[in-house]
2 protein chains.
Amino acid sequence: MDITGRTRVFMILGDPIAQVQAPALFNPIFRAQGVDAVLVPAQVSPDDLGGFVQQVLRAHNIDGLWLTIPHKAAVLPLLDRCDRRGQIAQAVNALRRNADGSLEGALFDGEGFVKALDRFEVSVAGRRVLIVGTGGAGMAIAVSLAERGAAAIALFDPENSRSAAAAARINAAFAGQPARTAKTADAAGFDLVVQASPLGMEPGDPLPLDPASVEPGAVVVDILMKNQPTPLLRACAERGARVHPGFEMLTQQIPDYLRFFGLPLPDRDRAADVDGVGMSMPSAPACGR
Amino acid sequence: MDITGRTRVFMILGDPIAQVQAPALFNPIFRAQGVDAVLVPAQVSPDDLGGFVQQVLRAHNIDGLWLTIPHKAAVLPLLDRCDRRGQIAQAVNALRRNADGSLEGALFDGEGFVKALDRFEVSVAGRRVLIVGTGGAGMAIAVSLAERGAAAIALFDPENSRSAAAAARINAAFAGQPARTAKTADAAGFDLVVQASPLGMEPGDPLPLDPASVEPGAVVVDILMKNQPTPLLRACAERGARVHPGFEMLTQQIPDYLRFFGLPLPDRDRAADVDGVGMSMPSAPACGR
């Protein structure tokens, strides 16, 4: 579908931006569905985020924004509303302007992750999980794993002081108080290991955790979109772990984005919707301010 | 070419926006030239123009803006530099962020118009011209017609108080003091009539001028993009005038936009460039502030 003056515009905000997969994923869906919309990238510096978001959403045909690194958490203070998962994780993936002018955010990363586990036939309930990297995506995953009944969720991030507060929010929200911070990335004793740090994006990056510490029967998921299979996944696979790349997590979020922006769903996702698989949680009244 | 995170983004700003032709015109050129760029529409209210322009051009992959009604003149105070034609007309079609952070504008409408006349084999030198509607496009056309040696240029606009000041700027800039304001849209005595008002965009619009006043041998150009041939052109053609729609004026500006944004030209335009046909005028140091 060609872009005209009637085309609705969406933007994905990140910094850097070159690595984002969403335009290549969603624009063909818009075309296939006959939706006159386009998703374009915008490389927005952290200092410019607030002004950019407020200003572009005043344009009458710019209907919403995708957020990626480093904006998933930083956008929270701009929101009037966001869903419960977003409030607990203090991160959102998407932001829309409602008819009343309010800005509403929603978090899909964690649901995409657990739906990807469903596809991989990896159960969550009772699992002992190590999450390495507690940026927006890592926190989103922690929230959805807690919601699905993970027995223990250890959060490791050498640079993220938010981990302890996030663990407290998760424990307040879900039964069993599963979350705690971890002092190291030692994977011993965990049967699900989630690599959610940026390590592995650049060629010279160190491994985010020692593959020798991974239990032979454990499941390891590296959510990086680039360089798959990552050096970590290759090393873990050699040691007999079940390894999965992150792309399926993004694919599984497609219906959530489309629903959030009021766009039509492909048939296969509409079926899933009827089953309740993709049901979103009700919005809470305020988020981050 | 599919949109990815590496795609450079351009926007066309207008209000309304549904009628704009530029995305349908330029995106196929980008594809054909292998340029990883996309032009998307943005409906920006006049009150939001300043904030929107400043903010979106801070995004590192948003390289420039097309301006259309009603923003061609209103954007002037935001510019650090613009070309001489833009200064005289006090209107620009395009705006870019230079490497030093400065915002630079340029005006192409008038050159597109006179190049379209070249294609129609209509000479300009010595002509007596009536221009009805002196918004950004009408003023741009007046400047380029003066530059090409029109003998007289009458500017009529019932709602535009800028006409007299614009006529004075044209007379200061070009030999022969050709420009003056007109009190009516009476076309008697003119051998080139340019319809540059918005009248004709909506079905119930009155005719912008009385076709009975048009000289039988006159050339009439209606620059509206919509509803061509317009009721005016049909009525004038019935009276024996030579009539032309406005689309060629837009087509003729394509190389100017590509050059301004540093994008590669199609082969046919590169040849024209070597001939000097498309040479742009040197930038002047400041414009509008």
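So, a few notes on the structure that sits alongside this text. (Residues numbered from 1 in each chain as written. Chains lettered and ligands numbered in written order. Predicted model: local features only at pLDDT ≥ 70, side-chain atom pairs only at ≥ 80, totals over all residues. Heavy atoms only, no water.)

**Description of the pairing of strand E7 (residues 128-132) of chain B**
Regular strands place side chains that alternate from one sheet face to the opposite one.
All names here are of chain B.
And step 1. Burial analysis of E7 places four of its five residues in the buried class, which makes it a mostly covered element.
And step 2. Inspection of the sheet shows E7 paired to strand E8 (residues 152-156) by five bridges, in the parallel sense. Within E8, the residue paired with Ile131 across the bridge is Leu155.
And step 3. For the crossover from E7 across helix H5 (residues 136-147) to E8, the handedness is right-handed.
And step 4. Sheet analysis places E7 next to strand E10 (residues 192-195), joined by four bridges and oriented parallel. Paired with Val129 across the two strands is Leu192, which belongs to E10. (Buried < 20%, exposed > 50% of the residue type's maximum accessible area, 1.4 Å probe, protein only. Helix = DSSP H or I, 4+ residues; strand = E, 2+ residues; numbered from the N terminus. Pairing = 2+ DSSP bridges. Right-handed = clockwise from strand over helix to strand, strands pointing away.)

**Some words on the side chain of Ser45 of chain B**
And step 1. For Ser45 of chain B, the location among the structural elements is in the loop between strand E2 (37-43) and helix H2 (49-56).
And step 2. In this structure Ser45 of chain B comes out as buried when scored by relative accessible area, which is 17%.
And step 3. Sequence-distant contacts of Ser45 of chain B, that is, excluding residues within four places in its chain, are made with His60 of chain A together with Asp15 and His71 of chain B. (Contact = heavy atoms within 4.5 Å.)

**Considerations on the packing of aromatic side chains**
Residue and element names in this part refer to chain B.
And step 1. This structure, assessed with the given rule, holds 22 aromatic pairs over all chains.
And step 2. Considering the side-chain rings of Phe10 and Phe261, the 5.0 Å spacing of their centres and the 55° angle between planes classify their relative orientation as tilted. Pair noted here: Phe10 is in strand E1 (residues 8-14) and Phe261 is in the loop between helix H9 (254-260) and helix H10 (267-274), with a separation of 251 residues, a long-range link. As far as burial versus exposure is concerned, Phe10 and Phe261 are alike and both buried. (Phe/Tyr/Trp six-rings, centres within 6.5 Å; stacked < 30°, edge-to-face > 60°.)

**As for the relation of the copies chain B and chain A**
And step 1. For the pair chain B and chain A, the superposition axis carries a translation of 0.0 Å, the fit reaches an RMSD of 0.0 Å, and the rotation angle comes to 180°. Seen this way, the second copy is the image of the first under a two-fold rotation axis.
And step 2. A symmetric contact is evident, with 100% of the interface residues of chain B recurring at the interface of chain A. (Least-squares fit on C-alpha atoms with pLDDT ≥ 70 in both.)

**Remarks on the nonpolar core**
And step 1. Within the largest apolar cluster, 50 residues are counted, with the highest numbers of intra-cluster contacts made by Met11 of chain A together with Met11 of chain B.
And step 2. Other than its neighbours up to four places away in sequence, Met11 of chain A contacts Leu39, Val40, Ala42, Phe52, Val56, Gly64, Leu65 and Trp66 of chain A together with Met11 and Ile62 of chain B. (Core = buried A, V, L, I, M, F, W, Y, C linked by side-chain atoms within 4.5 Å.)

**Considering the packing of helix H2 (residues 49-56) of chain A against H2 of chain B**
And step 1. Close contact between H2 of chain A and H2 of chain B brings their axes to 9 Å; oriented N to C, the two are set at 135°. The angle between H2 of chain A and H2 of chain B places the two elements in the oblique class. In this structure, H2 of chain A meets H2 of chain B at a crossing whose hand is left-handed. Seen from H2 of chain A, the contacting residues are Gly51, Phe52, Gln55 and Val56 of chain A; seen from H2 of chain B, they are Gly51, Phe52, Gln55 and Val56 of chain B. (Axes fitted to C-alpha atoms, helices over the stretch in contact; angles between N-to-C directions. Parallel < 35°, antiparallel > 145°, perpendicular 65-115°, else oblique. Left-handed = near helix turned anticlockwise from the far one by under 90°.)

**Overview of the interface of chain B and chain A**
And step 1. In this complex, chain B contributes 33 residues to the contact, which on the side of chain A involves 33 residues.
And step 2. Across the chain B to chain A interface the summed buried area is about 2,500 Å²; carbon plus sulfur atoms make up 59%.
And step 3. Seen at the junction of chain B and chain A, the total is four salt bridges.
And step 4. The salt bridge involving Arg58 of chain B is made with Asp48 of chain A; its shortest N-O contact spans 2.7 Å.
And step 5. Going through the elements one at a time, E1, helix H1 (22-33), E2 and H2 of chain B are the ones with two or more residues in the side of chain B that touches chain A.
And step 6. For the side of chain B that touches chain A, the element with the most residues is E2 of chain B, which contributes six residues.
And step 7. Broken down by class, the residue content of the side of chain B that touches chain A amounts to 18 nonpolar, ten polar and five charged. (Buried area = accessible area lost by both parts, 1.4 Å probe. Salt bridge = Lys/Arg side-chain N within 4 Å of Asp/Glu carboxyl O. Nonpolar A, V, L, I, M, F, W, Y, C, P; charged D, E, K, R; others polar.)

**Let's talk about the sheet that holds strand E9 (residues 179-181) of chain B**
Residues and elements named next belong to chain B.
And step 1. Judged by pairing direction, the sheet is parallel, and its six strands sit side by side in the order E9-E8-E7-E10-E11-E12 without closing on themselves. On the outer flanks of this sheet lie E9 and strand E12 (242-245), each paired with one strand and no other. For this sheet, the mean inter-axis angle between neighbouring strands, taken without regard to orientation, is 20°.
And step 2. Its contacts with the sheet put helix H6 (residues 163-173) on E8 and E9, and the angle it makes with E9 is roughly 165°.

**Focus: the sheet that holds strand E10 (residues 192-195) of chain A**
Residues and elements named next belong to chain A.
And step 1. Taken together, the six strands give an open sheet; going across it, the order is E9-E8-E7-E10-E11-E12, and neighbouring strands pair in parallel fashion. The sheet is open, and its two edges are formed by strand E9 (179-181) and strand E12 (242-245), each paired on a single side. Recorded for the sheet is a direction-independent mean angle of 20° between the axes of neighbouring strands.
And step 2. The strands that helix H7 (residues 163-173) touches are strand E8 (152-156) and E9; relative to E9, the one it contacts most, it runs at about 165°.
And step 3. Contacts between helix H8 (residues 231-238) and the sheet are confined to E10, strand E11 (219-222) and E12, with E11 contributing the most and set at about 165° to the helix.

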